[in-house]
Amino acid sequence: MKKEVTVKAKSVEEALTLAAEQLGAPEAEVKYTVIAEAKRGFLGLGSADAEISAYYIPRGEQAAIDFINTVIADMQLEAQVETRDGKDGELLIEVSGEGSGILIGHHGDTLDALQYLLNLAANRREEGEKRDYLKVTLDIEGYRAKREATLRALARRMAAKALRNRRSVMLEPMSAYERRIIHSEIQGIEGVSTNSIGSDNNRKIVIFLTDKKPKELFEEKESVSALADEMIADVDDNSGAVDAVVTSDIAEDGETSAFEQTYSAEDYVVSDENSDN
């Protein structure tokens, strides 16, 4: 979290010391810009204090920012990095620009790996150093929001399939982040629930039937059977895929500015279980 203050004092040096105290930071790590130099005046007339604008980025945040900038520079990407504050002191790092899509990887695997390294860099402490843990979330070209929309659509489709076929559905292994999205979406669908099985990188979600009789799956006033037929039509046909194309914003010349990826529901569906549980 970047902290900024504007301070006046009799000299720039005194102003810097006061700024460091207000920012709660080591003076050596405070960066500043001189707005006005001090003026002595004549016989006490026309004198003025020095004024500086100072800011401080906590060491952990700076380490994370430096890390992602180094990756971008080493890969010779024309990308920009922006930061903002998240919930509970979380640091959000957003990367955008031409070629940045390469940092996402298949189903966000590269993105997740980079985020893991950013958290390591942000929370590396020198011997004897004490500071709070900093959570860092990395996003590239708004991928996480688009991915979440894709996963929520997948959850609804697979819930509809479970209700229609009266069988449980098991999904492919997912990260903890993606499993939370599936669990969250299924909670709002009556008649089905979820459970996670497996361990480590092989953790999977099972969508199973509950004892409740479903009335409606979604806000639309469609019957469950009709909605299920519509949602899983592409899953049941010969192609066996429900595709959701996720694209970045379109550049002014009509070409995609960063990346385009196609996700298939079949990528995540393993099998139907023989029983309802």
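Look up a bit, the structure's there.
Quantities reported herein were computed from a predicted structural model and do not represent experimental measurements. (Residues numbered from 1 in each chain as written. Predicted model: local features only at pLDDT ≥ 70, side-chain atom pairs only at ≥ 80, totals over all residues. Heavy atoms only, no water.)

Asks: Sorry if this is basic, but what is going on with empty space enclosed by the protein here?
Replies: The probe, sized like a water molecule, is rolled over the atoms to show the empty space still left. Tallied over the entire structure, the rule returns 2 cavities of 30 Å³ or more. By volume, the second largest cavity is sized at about 40 Å³. Of all the secondary-structure elements, those providing two or more residues to the lining of the second largest cavity are helix 4 (143–165) and helix 5 (176–187). With 3 residues, the top contributor of residues to the lining of the second largest cavity is helix 4. (1 Å grid on protein atoms, 1.4 Å probe; cavity = no way out; pocket = protein on both sides within 12 Å on 5 of 7 lines; lining within 4 Å. Points joined across faces, edges and corners; volume = space filled by probe spheres on them. Helix = DSSP H or I, 4+ residues; strand = E, 2+ residues; numbered from the N terminus.)

Asks: How should I be thinking about the pattern of salt bridges in this particular structure?
Replies: Side-chain pairing between opposite charges can occur once the charged atoms of the two side chains come close. Considering all chains together, one arrives at 6 salt bridges under this definition. Residues Glu94 and Arg84 are paired through a salt bridge, measuring 2.8 Å at the closest nitrogen-oxygen approach. Separated by 10 residues along the polypeptide, Glu94 in strand 5 (residues 91–98) and Arg84 in strand 4 (residues 78–85) bring together distant segments of the chain. For Arg84, a relative accessible area of 44% translates into the label partly exposed. A cluster of three or more residues bridged by salt bridges with shared partners is formed by Glu148, Arg152, Arg156 and Glu185. (Salt bridge = Lys/Arg side-chain N within 4 Å of Asp/Glu carboxyl O. Buried < 20%, exposed > 50% of the residue type's maximum accessible area, 1.4 Å probe, protein only.)

Asks: Help me understand helix 1 (residues 12–23), please; the structure alone is not making it clear to me.
Replies: Structural remark: α-helix, 3.6 residues per turn; residues separated by three or four positions point the same way. If you check helix 1, its first and last C-alpha atoms are 16 Å apart, about what 12 residues at 1.5 Å a residue would give, namely 16 Å. Here helix 1 has its buried residues at Val12, Ala15, Leu16, Ala19, Ala20 and Leu23. Seen end-on, helix 1 carries its buried residues on one side only, within an arc spanning 140°. Along helix 1, the residues that are exposed and aim more than 90 degrees away from the buried face are Glu13, Glu21 and Gln22. Contacts from the buried residues of helix 1 go to strand 1 (3–9), strand 2 (31–36) and strand 3 (50–56). (Expected span 1.5 Å × (residues − 1). Arc of directions from axis to C-beta. Contact = heavy atoms within 4.5 Å.)

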